[in-house]
Amino acid sequence: MCPFEYHRPKTVAKALELLDRGVPLAGGTELTPRRDQVPAVIDLQDLGLDTMESRDDVIAIGAAVKLQTMVENEEQLPSTLREACRSEASLNLRNMATLGGTVMSADGRSPVVTVLLAMDAIAILEPGSETLSLEELLDRRDRDDFHGLITEIRLKLPGFLRYEQVSRAPADRPLVCVAMARLPGDGTKKGYRVVLGGFGSSPIRIKKAETYLSEGEDINTAAEAARRAYATAGDVWASDEYRAHSASVLVRRLAMEITG
Ligand SMILES: Cc1cc2nc3c(=O)[nH]c(=O)nc-3n(C[C@H](O)[C@H](O)[C@H](O)COP(=O)(O)OP(=O)(O)OC[C@H]3O[C@@H](n4cnc5c(N)ncnc54)[C@H](O)[C@@H]3O)c2cc1C
């Protein structure tokens with residue numbers, strides 16, 4: 001094993017200074033197995049990022065909140081998000097893995113990121129207290145020059161939120177999953193979010209399906225948009241045909257529920 005530097009700052013400001021030397025260490029479940037590839041780790045556990053607060057209609061979740069803490073928080077979090085946290089990993093991992101670490105390392109098969117994208121979650125990125133949509137963060141995260149610390153994820157409770165997945169076994173990660181939400185809007189137009197996961201580096205929004213649902217609640221065309229989005233999504237886990245068909249079935253099913 002390669003010796004590396006371990007830092008445990010007491011403030012976010014100090015952690016940001018140290019980021020030039022290494023990478024954030026949260027639960028360590030993804031980082032530890034590749035510890036010989038990083039020169040230094042900046043442990044986040046003393047930064048006070050492990051709290052959850054409701055501020056007006058926004059729920060602010062610290063980046064260091066554990067997935068299992070979210071599973072157990074019936075008071076503040078919707079059951080769909082708590083179930084997605086449960087599906088993300090086994091109990092031992094959930095007791096270590098954090099929300100920030102999950103968002104930063106998840107691939108397209110992540111139930112949590114699929115649901116958070118449907119909820120239009122916002123991430124706070126330091127330095128600069130930048131407010132990024134989760135979509136923007138996932139895009140930036142995958143670039144080589146990404147630098148920074150996620151301190152918080154913010155959510156608003158949608159009017160409707162559902163998640164469904166197809167997997168080899170109920171406790172397995174999804175081959176295909178869909179999260180659908182109706183966001184709190186201005187009252188003149190319904191704002192739907194349709195997110196498809198199970199493949200690739202991140203779950204994806206199906207914007208055409210969102211438009212079809214928002215403008216005319218056209219379920220068949222929305223399902224077809226989902227099928228097309230996964231038309232070439234084949235890998236060792238599932239063929240493209242299987243994924244495309246499952247995507248259209250799940251979108252149709254949730255769209256029927258959401259549109260009543
Ligand atoms: C046995 C085992 C099975 C696993 N199975 C799966 C699986 O099925 N699916 C899956 O997706 N993952 C899996 N993982 C990986 C891992 O458990 C998850 O990705 C986990 O959610 C990562 O969270 P963490 O808090 O442990 O992150 P860490 O391991 O601490 O960090 C992960 C990455 O995120 C960065 N990071 C962490 N926090 C922040 C922050 N606040 N701001 C900026 N960057 C940050 C770190 O620098 C690192 O690059 C598995 C791991 C193990 C050990």
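> Can you break down the overall build of the protein chain residue by residue, with the values?
Helix and strand content of the protein chain: 10 helices and 12 strands. Here the C-alpha atoms of the protein chain give a radius of gyration of 19 Å, agreeing with the 18 Å that 2.2 N^0.38 yields for 260 residues. For the protein chain, the spread of C-alpha atoms along the three principal axes comes to 55 × 45 × 35 Å. In the protein chain, which comprises 260 residues, the proportion classed as buried is 44%. Sequence-distant contacts, at least 24 apart, represent 57% of the contacts inside the protein chain between residues at least 6 apart.

> How would you explain the pairing of strand β6 (residues 122-126) if you had to name every residue and give the values?
Residues Ala123 and Leu125 line the buried face of β6, whereas the alternating positions Ile122, Ile124 and Glu126 sit on a face that is not buried. In this sheet, strand β7 (residues 130-133) lies alongside β6 in antiparallel orientation, the contact comprising four bridges. Directly across from Ile124, in β7, lies its bridge partner Thr131. Counted between consecutive antiparallel strands, the loop separating β6 from β7 contains three residues, among which Gly128 sits at a positive phi close to 105°. As defined by bridge partners, β6 adjoins strand β8 (residues 149-156) across five bridges and the pair is classed as antiparallel. By the bridge assignment for β8, Ile122 is matched with Arg154.

What counts as what
Residues numbered from 1 in each chain as written. Predicted model: local features only at pLDDT ≥ 70, side-chain atom pairs only at ≥ 80, totals over all residues. Helix = DSSP H or I, 4+ residues; strand = E, 2+ residues; numbered from the N terminus. Rg over C-alpha atoms; globule rule 2.2 N^0.38 Å. Buried ≥ 20, exposed ≤ 12 C-beta atoms within 10 Å, placed from the backbone. Contact = placed C-beta atoms within 7 Å. Pairing = 2+ DSSP bridges.

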